[in-house]
Amino acid sequence: MNSPTHLIRNGAYLHNLAQGTDKERSMENEKQDATVIVGGGHAAGALMTALIQKKYPHEVVLVGEEPYPPYQRPPLSKTYLSGEVNEESLYLKPRSVYEGAGHQLRLGVRVENIDRDNKTLTLSDQSTLKYGRLILATGSHVRRLNAPGSELKGIHYLHDIADTDTLRDQLSPGARLVIVGGGYIGLEVAASASKKGVNVTVLEGAERLMQRVTGVEMSSFLYAKHSGSGVDVRLNTAVTGFKAGDQGRVAGVTLANGETVDADVVLVSIGVIPETALAEAAGLSCEDGILVDEYVRTSDPSILAIGDCTRHRNLFFEKMQRLESVANAVDQARTAAATLMGEDKPYDSAPWFWSNQYDVRLQMVGLSQDHDERVMRGSTEDKAFAVFYLREGCVIAVDAVNMPIAFMVGKQLVQHRKSISADVLSDLDVELKSLI
């Protein structure tokens, strides 16, 4: 999965996030306990890779709850679900790369407690681990739907390799799959499943698909694409529970209008929640994410945090925010590596996202929520088009369908806050490259 979350309101930020910098840099050449990364997702793997490239002088230990080395999650709802790629292809690097550089992967074990006073971690196997610097890359967990029947067999959530393995086994041709939620993951699974001959129904409570992250034109395009591929897409549809069948398995999804949609398999995809429990228990400042500054430092100068679990200060935006995307994970990992090396490299990248559905390659840059004007380049009836989002004449976001040049140029326009007229953006005779 690869999706943005909502912008978070401005608020007072702790002044002590910036404290301790001189002390941190003076430690650069001192012998210290291992640098420990908690988490096994994209952010954790990108950080380990960056530290290897920078020849980081201290041992790095990654503690991951899953039994796999750091891996990418976006293919879980697409090519891995469809069986086009295998498990090993998800790994960011083979385990041997990390260990060959002198670092450790401690997999299949969970960090239970952080003792900040003694810089010690307690693990689920009852062992302890000392750290000199600690990086929390704990990610997120799926939002559960608490409704009557939610404990029935056959109701799935998709967040890790094991989830996809289990779901794939039940998506045989002719099976009836009901997806609760019309966001990135729900629509990607719908596309993958329908191509396998599964009968798919998507239930979305909002007025349009992906309403939180895109405009009306893109929502309408995706609705037409899925409907035209045989998916039964229902908008403004509230789910109230699940109907039981034989042997405790789900047999249907009940709706607020009294209707029941028959189902052999159900996927609930209604968002994620940042994994902050470990940080909160340790007394770190959290508010819908672990609070970090532009150098990804938490309220403890010895602890950094990166990825989906953070609510961060990005110099590109005026507001504190939380993002769920591979790009954010990688960019924050690079900032963390720089911070650990004593370099002055704040996080200031424009966020970007992507999704593959059928023959659609959707690429998005920026955050469009606060736009006051939308400009279409091309038409949704074409195989390739783009939507530019403007605020006070400035390009703040771009959604591109099968138009990589619009995405690449859009990244520059958004990053540099370019003001471009609507007439120029919509004119197909104007080369996009000329705008940067």
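Here's what I pulled together on the structure shown here. (Residues numbered from 1 in each chain as written. Predicted model: local features only at pLDDT ≥ 70, side-chain atom pairs only at ≥ 80, totals over all residues. Heavy atoms only, no water.)

Let's talk about the sheet that holds strand β5 (residues 120-123)
Now for step 1: Taken together, the 3 strands give an open sheet; going across it, the order is β4-β5-β6, and neighbouring strands pair in antiparallel fashion. Each edge of the sheet is formed by a strand with only one pairing partner; in this case those strands are β4 (111-115) and β6 (128-130). Here the average twist between neighbouring strands, direction ignored, is 20°.
Now for step 2: In this structure, β4 lies alongside β5, joined through 4 bridges in antiparallel fashion. Bridge pairing in β5 places V111 opposite L123. (Pairing = 2+ DSSP bridges. Helix = DSSP H or I, 4+ residues; strand = E, 2+ residues; numbered from the N terminus. Axes fitted to C-alpha atoms, helices over the stretch in contact; angles between N-to-C directions.)

Description of the pattern of salt bridges
Now for step 1: Across all of its chains, the model carries 20 salt bridges by this definition.
Now for step 2: A salt bridge links E66 to R73; the shortest N-O distance between them is 3.1 Å.
Now for step 3: With relative accessibility at 19%, the residue R73 sits in the buried group.
Now for step 4: Across the pair E99 and R95 runs a salt bridge, and its minimum N-O distance is 2.8 Å. Of this pair, E99 and R95 both sit in helix α4 (residues 95-100), separated by 4 residues, roughly a single helical turn.
Now for step 5: Overall, the relative accessible area of 38% leaves E99 in the partly exposed class. (Salt bridge = Lys/Arg side-chain N within 4 Å of Asp/Glu carboxyl O. Buried < 20%, exposed > 50% of the residue type's maximum accessible area, 1.4 Å probe, protein only.)

Quick look at the sheet that holds strand β10 (residues 176-180)
Now for step 1: Overall, parallel pairing links the 5 strands, which are arranged β9-β16-β10-β11-β12 in an open sheet. Edge positions in the sheet fall to β9 (155-156) and β12 (232-234), since each of these pairs with one other strand and no more.
Now for step 2: Pairing of β10 with strand β11 (residues 199-203), which is carried by 5 bridges, proceeds in the parallel orientation. Residue pairing for β11: R176 is matched across the bridge by N199.

Section: helix α6 (residues 184-195)
Now for step 1: In a regular helix each residue adds 1.5 Å, so 12 residues correspond to 16 Å; α6 covers 17 Å between its end C-alpha atoms and thus fits that length.
Now for step 2: Of all 12 residues that make up α6, 11 are buried, and the element is covered over most of its length.
Now for step 3: Immediately beyond the C-terminal end of α6, within one or two residues, lies G197, with a positive phi of roughly 90°. (Expected span 1.5 Å × (residues − 1).)

Regarding the nonpolar core
Now for step 1: L167, L177, I179, V189, V200 and M218 are the most contacted members of the largest nonpolar core, which totals 47 residues.
Now for step 2: The greatest single-element share of this core, amounting to 7 residues, is contributed by α6.
Now for step 3: Not counting the four nearest positions on each side in its chain, L177 is found in contact with L171, V189, A193, V198, N199, V200, T201, V265, V266 and L267.
Now for step 4: Counting residues in each nonpolar core, the second largest holds 28 residues, with A46, V60, Y98 and V330 among its members. (Core = buried A, V, L, I, M, F, W, Y, C linked by side-chain atoms within 4.5 Å. Contact = heavy atoms within 4.5 Å.)

A look at the environment of I396
Now for step 1: By the element assignment, I396 lies in strand β25 (residues 394-401).
Now for step 2: We classify I396 as buried; its relative accessible area is 12%.
Now for step 3: Separated by 21 residues in the primary sequence, I396 and R417 have C-alpha atoms spaced 6.8 Å apart.
Now for step 4: If near-sequence neighbours (up to four positions away) are discounted, I396 is found in contact with V365, G366, L367, S368, D370, H371, Y389, L390, R391 and V414.

Quick look at unusual backbone geometry
Now for step 1: Although it is not a glycine, K119 adopts a positive phi angle of roughly 50°.
Now for step 2: Structurally, the position occupied by K119 is in the loop between β4 and β5.
Now for step 3: Positive phi values are uncommon outside glycine, yet D288 reaches one of about 55°.
Now for step 4: Along the polypeptide, D288 turns up in the loop between α8 (277-281) and β18 (290-292).
Now for step 5: The class of D288 is partly exposed, set by a relative accessible area of 31%.

Let's talk about the pairing of β25
Now for step 1: β25 sits mainly inside the fold: 8 of its 8 residues count as buried.
Now for step 2: When strand β22 (residues 360-366) meets β25, the two strands line up antiparallel, connected through 5 bridges. Residue pairing in the sheet places M364 in a bridge with D399 of β25.
Now for step 3: When strand β24 (residues 385-391) meets β25, the two strands line up antiparallel, connected through 7 bridges. Looking across to β25, one finds that R391 is bridged to C394.
Now for step 4: As consecutive antiparallel partners, β24 and β25 are separated by 2 residues, and within that stretch E392 has a phi angle of approximately 55°, a positive value.

Notes on the side chain of D300
Now for step 1: The topology assignment puts D300 in the loop between β18 and β19 (303-305).
Now for step 2: D300 gets classed as buried once you look at its relative accessible area, which sits at 9%.
Now for step 3: Engagement of the side chain of D300 in a polar contact is seen with the backbone nitrogen of S302, the distance being 2.9 Å.
Now for step 4: D300 has contacts with R116 and L284, leaving out every residue within four places of it along the chain. (Polar contact = N/O pair within 3.5 Å; in protein donor to acceptor, adjacent residues only side chain to side chain.)

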